[in-house]
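# Working through the structure, step by step
Listed here are the chains, written in short residue letters.
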Amino acid sequence: MDSSTQSKKGNQNRKTKDSQNKSHMPPQKDAYARLLSQHRSSKFNSYLEQFARNTLGQNEVNGPNTSHVQSDGLNIPQRRRDQLLNDFSDSSDFSPSSLKNKPGESSLSTYMEKLSTGNGPPDYELMPDVSERLRKGQRRDTTTSHDGDIESGEELIALNESKKQQKQHKKSVVSNEDGPQSPNKTSTSQQEQEMTKKSKKKSPAKQKEDQRNRSKPEVEAQMPPLSKDQRLQPNKGANSPADKKKNKGSKKQVFEPYMPVEEVSHGLKRGELIEGQIRINPKKYHEAFISCPDDGRDIFLDGIVARNRALNGDIVVVQILPRDQWKVVRSDSDCDGASESETPRKQTVKAVNKQLNRPEDSDQDLCANCANDKSQDKPFPSQLSDGELQKTAKVVYIVEKKHSRAVTGFLKFLPDKKFAMFSPTDHRVPRINVPLSDCPQDFSSRPDDYANTLFICRIVDWPADNNFAQGLLAKSLGQAGEIEPETEGILTEYEVDFSDFTTEVLDCLPKNLPWTIPPEEIKRRRDLRKECIFTIDPATARDLDDALSCKLLPDGNYEVGVHIADVTYFVEEGNALDLMASQRATSVYLVQRVIPMLPRLLCEELCSLNPLTDRLTFSVIWKLTPEGKILSEWFGRSVIRSCIKLTYDHAQSMIEAPEKLFTAEELPPFDPEHPIDEIHQAVLHLHSIAKNLRTQRFSGGALRLDQLKLSFTLDKETMMPQGCYIYQYRDSNKLVEEFMLLANIATAHHIYRHFPELALLRCHPPPKAKLVQQLQEVCDTLGINLDFSSAGALHKTLITTLGNDQYSAARKEVLTHMCSRPMQMAQYFCSGQKTDEQQYKHYALNVPLYTHFTSPIRRYADVIVHRLLAASLDCGPMLGLLTKEVQKQAIHCNDKKAAAKRVHELSTELFFGVFVKECGPLESEAMVMGVLDQAFDVLVLRYGVQKRIYPKHIAGVDAFHKHKVGKTTELTLVWKPENPNEAPVQQVISIFTRVDVQLISDCAALKYSAELQRPNTNES
């Protein structure tokens, strides 16, 4: 739906003529504020005072009015002054024609029109009795109030509720002064409606400019003085009356122009600007955040205009807005998203009420209540502490467009337009105008044929004067709701290269197949082909890049080896194959298939450590005590021959049955030189050592936060889900994990010793202190004793604090999820780019140095580490990269790893949606993870998925109430009685509440929702 259509719908109750003339106009700023900002003369003040005096005289004829506010410049009754603010707050047209039907106001209209060409900086900031509402102005989001860019019903409801609250506030002010209103009396007068119609003429860019003008004194107080040119630059455009007349008919600017590069650079150096990665709330697309450099609350970006055409994940530069425009937060949970039930206006009222010891539900006008208290002339924001405010900002520059600008969605035909409207399925991306010439040939004549067709569209431009981006269709994927089209859309959106490898890349592979290791290469390596070496992997794995060995020594110690596929032997640095691998950076794992980083000839054949085949490897071999203490260590290139390919299930069976004699039929094919019993004993020895290593690691301060992982069984022919289950992390998984960690840690120390300026390492920053503090307060409210002083302390208290009843495991899952929120992502980096070695640390593992060495088939970071390792051992060439180039590749690997993780999550969601559609409804127990004002999140225990439930949509719930308990929120649901003679059933929803849910497929393609089931009255 385009903006004009939505505007017309919003004006159905207005006069036809006004609707036609005004419905296309964008919203404006507070016109009264604009008027004051243009005139600082005493003549205007005296005129306004005379006007108010005349009005007061007329009122006194009808009866005395005792509600007054004393002012140095104006003796305006408080009631009348508030009415003036209400009358003018949404108006921008003060011409005589707009007010000709309003007796007693024509002189004011004429005077306003006469002065409309005046200029001058605003001085109303200095007027003692101008309300805070006037200083700040009415906040608006252009994209949600005018252009119709509302992507979901939830946002539309929020917008309507916001408008209702504004009207209710005006109504409450009148009723508080004049007594009860008639039920038939509307909350807005005809005059206000006329003003509202005319308030849609001003562009958001102008709105932003006036917002800056209104807050200019505070901006200058916070930031260093700028040159005249710098101050004027953001204000370029049609702002003066002359410019308006000159540019009449031209499109208004929706977004501010970006700052010049030089100005951005200087601003960053002076600390006036902040650089960061933007994160857009997927549930509320008008909210966005970037991390605060001082580890405080995230910085809030309110609305699409504030984002200034940046998309999710982009690296941006932002400018902090003046303090009077910061967001009021009632609790720490508001920092990650605005309250669902309360507008910023209402939040402000509650905060001020708290400061003035008034009841929380007091929604009186701020100025009306504060003006009588001279000690509290400015209740907001000066009386609010920084703890009650969250910094807000606007984007002034985009450093790097991380977002692919490619999205999946649907086309909509617009009559009498030269373009179609593309609506992305991701609501964080704007709607896109696509030329009809780029649409299917018969789209204009048969648009309904494409109603359910999924397309990929690429944004090619987003002009500053348009709410919508411009784009071109890249591909028609097929029918929405089918797995393959949806999967291709996901891969495209996250820039996963799933194309076939080019001929140039394939030419880098060995030509003579079947390939065998050259004899001279074997001579240069340590020959381990006679050793008992085996792999342990998932049953479906085909890229086997690690193997293990364990041999009991005569002295009672063990020789333990970790053997990793030698990918760098086949991938020569700098050739086409290496370039392609560096660009892909990682293999991407979908539910039904893998998008490999390397050609399948390498990742499934020549590099994969397949059983009973000679393979080239990089090995690290230790001499260990039974307790896991390292006595000696060896690194080097080797050649191995795996004797068997074990799955985790095979290894687990051996661990659980140490005395059992396994038969050949129970295991995969194996090398006769190494009997089953030898393999079994090696697995048991590794398990014993791994348990000791794990115990030492966690006693030394390590932390592990395991979350439920959903897996599927697929039909081998159709690849459709036949079933799903929670993946079990067992001792066999822990066995492999411990030795991979040991190898990675050892390799990190080795390459850092040899290349302190070039080593590619992996750090894990500690959790954000502010979020940890918030979580600590929530846990204290819940009576949970968690120690957040270190990773190890958190791990110890996490596993001992939740009791041992039947739901203790579920509570641990919920608490684990809560503890994951403050955690930061681990990152690759080049050691030469960080001067402080404390920044090298890995928080969760609690080790000073860490890297990735064990998966070079699927991770390019491991390939670089292998090259560094080879160079340090003089068995390979020196790495041909500089420090900055290693750091650049590290950043790229971070981005690709994060994208691969998200793609896997979306693939899992896609397949589970299919499973619910085919096999649902599905019933399960669930546990509440978090409670908001009008919704709550649950963890569905049987399937490990998380869903949000809205009480207002629950069939059978008559009402619900919110109340605060310490730092947490609780909802009380009132269920309608099943029998008329019974009382309603109340159900309290708080964190850790156990509920029953039913997962039901939605009408939307492959989407599903969770429906709360009526509680058992015996349990309640």
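As the structure is a computational prediction, the values presented were derived from the model and not from experiment. (Residues numbered from 1 in each chain as written. Predicted model: local features only at pLDDT ≥ 70, side-chain atom pairs only at ≥ 80, totals over all residues. Heavy atoms only, no water.)

Okay, the overall build of the chain next. Scanning the chain from N- to C-terminus turns up 32 helices and 34 strands. Counting every position in the chain, which comprises 1020 residues, the buried fraction comes to 53%. Nonlocal contacts in the chain, meaning residues at least 24 apart in sequence, comprise 69% of its contacts between residues at least 6 apart. For the chain, the exposed surface amounts to about 47600 Å²; the carbon and sulfur share of it is 50%. (Helix = DSSP H or I, 4+ residues; strand = E, 2+ residues; numbered from the N terminus. Buried < 20%, exposed > 50% of the residue type's maximum accessible area, 1.4 Å probe, protein only. Contact = heavy atoms within 4.5 Å. Areas by Shrake-Rupley, 256 points an atom, 1.4 Å probe, with all protein chains shown as cover.)

Let us look at the side chain of Asp 298. By secondary structure assignment, the location of Asp 298 is in the loop between strand E3 (287-290) and strand E4 (299-302). Given the relative accessible area of 9%, Asp 298 is considered buried. Looking at Asp 298, its side chain comes within polar contact range of the side chain of Arg 279, at 2.4 Å. (Polar contact = N/O pair within 3.5 Å; in protein donor to acceptor, adjacent residues only side chain to side chain.)

Before going further, it helps to examine the pattern of salt bridges. One pass over the structure, following the stated rule, counts 43 salt bridges. With a closest N to O distance of 3.6 Å, Arg 584 and Asp 497 form a salt bridge. Separated by 87 residues along the polypeptide, Arg 584 in helix H23 (residues 576-584) and Asp 497 in the loop between helix H20 (483-493) and helix H21 (503-506) bring together distant segments of the chain. For the salt bridge of Arg 637 with Asp 566, the shortest nitrogen-to-oxygen distance reads 2.9 Å. (Salt bridge = Lys/Arg side-chain N within 4 Å of Asp/Glu carboxyl O.)

Before going further, it helps to examine the environment of Lys 327. Relative to the helices and strands, Lys 327 is located in strand E6 (residues 327-328). Along the chain, Lys 327 and Thr 392 lie 65 residues apart, while their C-alpha atoms are 6.5 Å from each other.

When pLDDT is averaged across the chain, the result is 78; 69% of the residues are at 70 or more. Counted against residues more than four places away or in other chains, residues 59-248, with its pLDDT under 50, gives 330 contacts. Between residues 337-379, whose pLDDT stays under 50, and residues either more than four places distant or in other chains, the model counts 92 contacts. (pLDDT = per-residue confidence, 0-100.)

As a further point, take the sheet that holds strand E12 (residues 453-461). Pairing within the closed barrel is mixed, and its five strands lie in the order E9-E10-E11-E13-E12. This sheet shows a mean twist of 50° between the axes of neighbouring strands, independent of strand direction. Where strand E9 (residues 406-412) and E12 come together, four bridges link them in antiparallel fashion. When the bridges of E12 are listed, Gly 409 appears paired with Phe 455. (Pairing = 2+ DSSP bridges. Axes fitted to C-alpha atoms, helices over the stretch in contact; angles between N-to-C directions.)

In this section: the sheet that holds strand E29 (residues 945-949). The five strands lie next to each other as E29-E28-E27-E33-E34, forming an open sheet whose pairing is antiparallel. Edge positions in the sheet fall to E29 and strand E34 (1008-1012), since each has one partner strand and no second. Between one strand axis and the next, the sheet turns by 45° as a mean value, whatever way the strands run. Alignment of strand E33 (residues 994-1001) against E34, held across five bridges, turns out to be antiparallel. In the sheet register, Gln 998 faces E34, and the bridge partner there is Glu 1011. Across the sheet, helix H30 (residues 808-820) touches strand E27 (922-931), strand E28 (936-940) and E29, and the angle it forms with E27 is around 45°. Helix H32 (residues 883-919) rests against E27, E29, E33 and E34 of the sheet, and its axis sits at about 85° to E33.

Attention now goes to the packing of H20 against H32. Two elements in contact, H20 and H32, have axes separated by 10 Å at closest approach and are oriented at 160°. Relative to H32, the element H20 lies roughly antiparallel. The crossing of H20 and H32 is right-handed. Contacts from Ile 483, Glu 486, Thr 487, Ile 490 and Leu 491 of H20 reach H32 at Val 903, Leu 906, Ser 907, Leu 910, Phe 911 and Val 914. Its residues assigned to classes, the contact of H20 with H32 comprises eight nonpolar, two polar and one charged. (Parallel < 35°, antiparallel > 145°, perpendicular 65-115°, else oblique. Left-handed = near helix turned anticlockwise from the far one by under 90°. Nonpolar A, V, L, I, M, F, W, Y, C, P; charged D, E, K, R; others polar.)

So, about unusual backbone geometry. Excluding glycine, residues mostly have negative phi values, and the peptide bonds linking residues are mostly trans. With omega at 0°, the peptide bond leading from Leu 513 into Pro 514 counts as cis. For Pro 514, the location among the structural elements is in the loop between H21 and helix H22 (519-523). Across the junction of Gly 920 and Pro 921, the peptide omega takes the value 0°, indicating a cis bond. Structurally, Pro 921 is set in the loop between H32 and E27. The phi dihedral of Asn 308 is positive, around 50°, even though this residue is not glycine. Tracing the backbone through its elements, the reader meets Asn 308 in the loop between helix H17 (304-307) and strand E5 (315-320). On the basis of relative accessibility, which here comes to 1%, the residue Asn 308 falls in the buried class. Phi is positive for Arg 405, which is not a glycine, with a value near 65°.

A word on the pairing of E3. Burial of the side chains of E3 extends over both faces: Glu 287 and Phe 289 are buried on one face and Ala 288 and Ile 290 on the other. Two elements, strand E2 (residues 279-280) and E3, share two bridges in a ladder whose sense is antiparallel. If you follow Ile 280 over to E3, its bridge partner there is Ala 288. Where E2 hands over to E3, the hairpin turn is made up of six residues, counted between the paired strands.

It is worth spelling out the packing of helix H27 (residues 731-754) against helix H31 (residues 860-872) at this point. Describing two packed helices takes the angle between their axes plus the distance from one axis to the other. Where H27 contacts H31, the axes come no closer than 10 Å and their chain directions differ by 60°. Between H27 and H31, the angle falls in the class oblique. Considering only the axes of H27 and H31, their crossing is left-handed. Each of Thr 747, His 750, Ile 751 and His 754 in H27 lies in contact with H31, whose residues at this interface are Val 865, Leu 868, Leu 869 and Ser 872. Split by residue class, the contact of H27 with H31 holds four nonpolar, four polar and no charged.

Further remarks concern the environment of Cys 292. Here Cys 292 lies in the loop between E3 and E4. Taking relative accessible area as the criterion, Cys 292 reaches 13% and is therefore assigned buried. With 17 residues separating them in the primary sequence, Cys 292 and Glu 275 have C-alpha atoms 9.3 Å apart.

With that out of the way, let us pick up the environment of Val 914. Locating Val 914 in the fold gives a position in helix H32. The sequence separation of Val 914 and Ser 1001 amounts to 87 residues, and the corresponding C-alpha distance is 8.6 Å. Sequence-distant contacts of Val 914, defined by excluding residues within four places in its chain, comprise Ile 483, Met 720, Pro 721 and Leu 1006.

Here the focus is the pairing of strand E24 (residues 721-726). Two elements, strand E23 (residues 710-714) and E24, share five bridges in a ladder whose sense is antiparallel. Bridged to Thr 713 within E24 is Gly 723. Here E23 hands over to E24 after six residues, with Met 719 in that stretch at a positive phi of 60°.

Glancing now at the packing of aromatic side chains. Within the structure shown, the criterion is met by 14 aromatic pairs. Centre to centre, the rings of Phe 413 and Phe 443 are 6.0 Å apart; their planes meet at 75°, and the pair counts as edge-to-face. Residue Phe 413 is found in the loop between E9 and strand E10 (419-424), and its partner Phe 443 is found in the loop between strand E11 (432-435) and E12; the two are separated by 30 residues along the sequence. Of the residues examined, Phe 413 reaches a relative accessible area of 26% and is grouped as partly exposed. Assessed through its relative accessible area of 0%, Phe 443 is described here as buried. Ring geometry for Phe 712 and Phe 911: centres 6.0 Å apart, planes at 55°, overall tilted. Of this pair, Phe 712 sits in strand E23 while Phe 911 sits in helix H32, and the two are 199 residues apart along the sequence. Of the two residues examined, Phe 712 and Phe 911, each falls in the buried class. Grouping aromatic residues by their ring pairs yields a cluster made of Phe 413, Phe 443, Tyr 450 and Phe 455. The positively charged end of Arg 697 is found above the aromatic ring belonging to Phe 698, 4.7 Å away from the centroid. Between Lys 834 and the ring centre of Phe 829, over which it is positioned, the NZ or CZ distance is 5.3 Å. (Phe/Tyr/Trp six-rings, centres within 6.5 Å; stacked < 30°, edge-to-face > 60°. Lys NZ or Arg CZ within 6 Å of the ring centre and 35° of its normal.)

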